[in-house]
Amino acid sequence: MPRFAANLSMMYTEHDFPDRFAAASADGFEAVEYLFPYAYDATGLRRRLDDHGLRQVLFNAPPGAWDSGERGLTALPGRETELRSGTDRALEYAAALGCPRVHMMAGLVRPDATPAELAEHRDTYVTNLAWAAERATAVGVDILIEPINGRDMPGYFLSRQADAHAVVREVGAANLKVQLDLYHCQIVEGDLTATLRRDLPTGRVGHLQVAGVPDRHEPDEGELSIRHLFDVIDDLGFDGWIGCEYRPRAGTSEGLGWLRNHRGEDA
């Protein structure tokens, strides 16, 4: 059966962030993910995990000036020094939290970027990911890249699964993998069942995420047949985690009927 991690950046927002660990544990989650840990001391976060029997399975490397609209640095020429410093900081947190995966966001490109400029972005992306993957090997961490839809994040450099897998193949590092978010994939290209059957057996997918489409609420709301998709994931033997990266329509706990149903519990 697929394993689910609560995304504490989107779920349990009715609680202060440090209290979301306890709330997720009380609802039966065994793992958590979130966007960024850097506003908190790693020792304190580790204590929250340990106190509530939780595993940290994913967070993002520093993305640049997030509050000013930046969404990653990995594909941005000229930002290599900041990118490498941020990667080292992320790996320090990963070691402290026992987290085996770090997502490195690509960044935004101008809508009028020329083919030559896009090629420079891609070259920068590949070079930075190769450096980061080598760096992460020393601490046993996988580096992840995620295609993100252009409706939610206009201008994001990476949006299609095939492009992500092409980058992973080109870099050729065993610990560089794809973060397949079914929400983003459905919006960009659809055909989720075929995508899962094509890509999960390659071993290049290191993490899954899910949310309802189109409104990013509970995964059983909207156009996805989530029970079918979970069955496909199970049939394919995926042994990683599925991050629940969605915005609950009302209270987080009250909206977990989909998870209780999947576990065979009373809703």
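Asker: Residue-level account of the sheet that holds strand 4 (residues 101-103), with values.
Answerer: Here we have eight strands rolled up into a closed barrel, ordered 1-2-3-4-5-6-7-8, and parallel in their pairing. Pairwise comparison of adjacent strand axes, ignoring direction, gives a mean angle of 30° for this sheet. Strand direction decides the pairing type here: strand 6 (residues 176-181) and strand 7 (residues 205-210), joined by four bridges, are parallel. Across the sheet, Asp181 pairs through a bridge with Gln209, a residue of strand 7. On top of the sheet, helix 3 (residues 80-97) reaches strand 3 (55-60) and strand 4; it is set at about 170° to strand 3, its chief contact.

Asker: So what about the nonpolar core? Which residues, and what values?
Answerer: Counting 80 residues, the largest nonpolar core has Phe29 and Phe59 as the members making the most contacts within it. Take this core: its biggest share by element is seven residues, from helix 4 (residues 115-137).

Asker: Break down empty space enclosed by the protein for me, citing the residues and quoting the values.
Answerer: Inspection of the entire model under this criterion finds one cavity of 30 Å³ or more. Empty space within the largest cavity amounts to approximately 30 Å³.

Cut-offs and rules
- Residues numbered from 1 in each chain as written.
- Predicted model: local features only at pLDDT ≥ 70, side-chain atom pairs only at ≥ 80, totals over all residues.
- Heavy atoms only, no water.
- Pairing = 2+ DSSP bridges.
- Helix = DSSP H or I, 4+ residues; strand = E, 2+ residues; numbered from the N terminus.
- Axes fitted to C-alpha atoms, helices over the stretch in contact; angles between N-to-C directions.
- Contact = heavy atoms within 4.5 Å.
- Core = buried A, V, L, I, M, F, W, Y, C linked by side-chain atoms within 4.5 Å.
- Buried < 20%, exposed > 50% of the residue type's maximum accessible area, 1.4 Å probe, protein only.
- 1 Å grid on protein atoms, 1.4 Å probe; cavity = no way out; pocket = protein on both sides within 12 Å on 5 of 7 lines; lining within 4 Å.
- Points joined across faces, edges and corners; volume = space filled by probe spheres on them.

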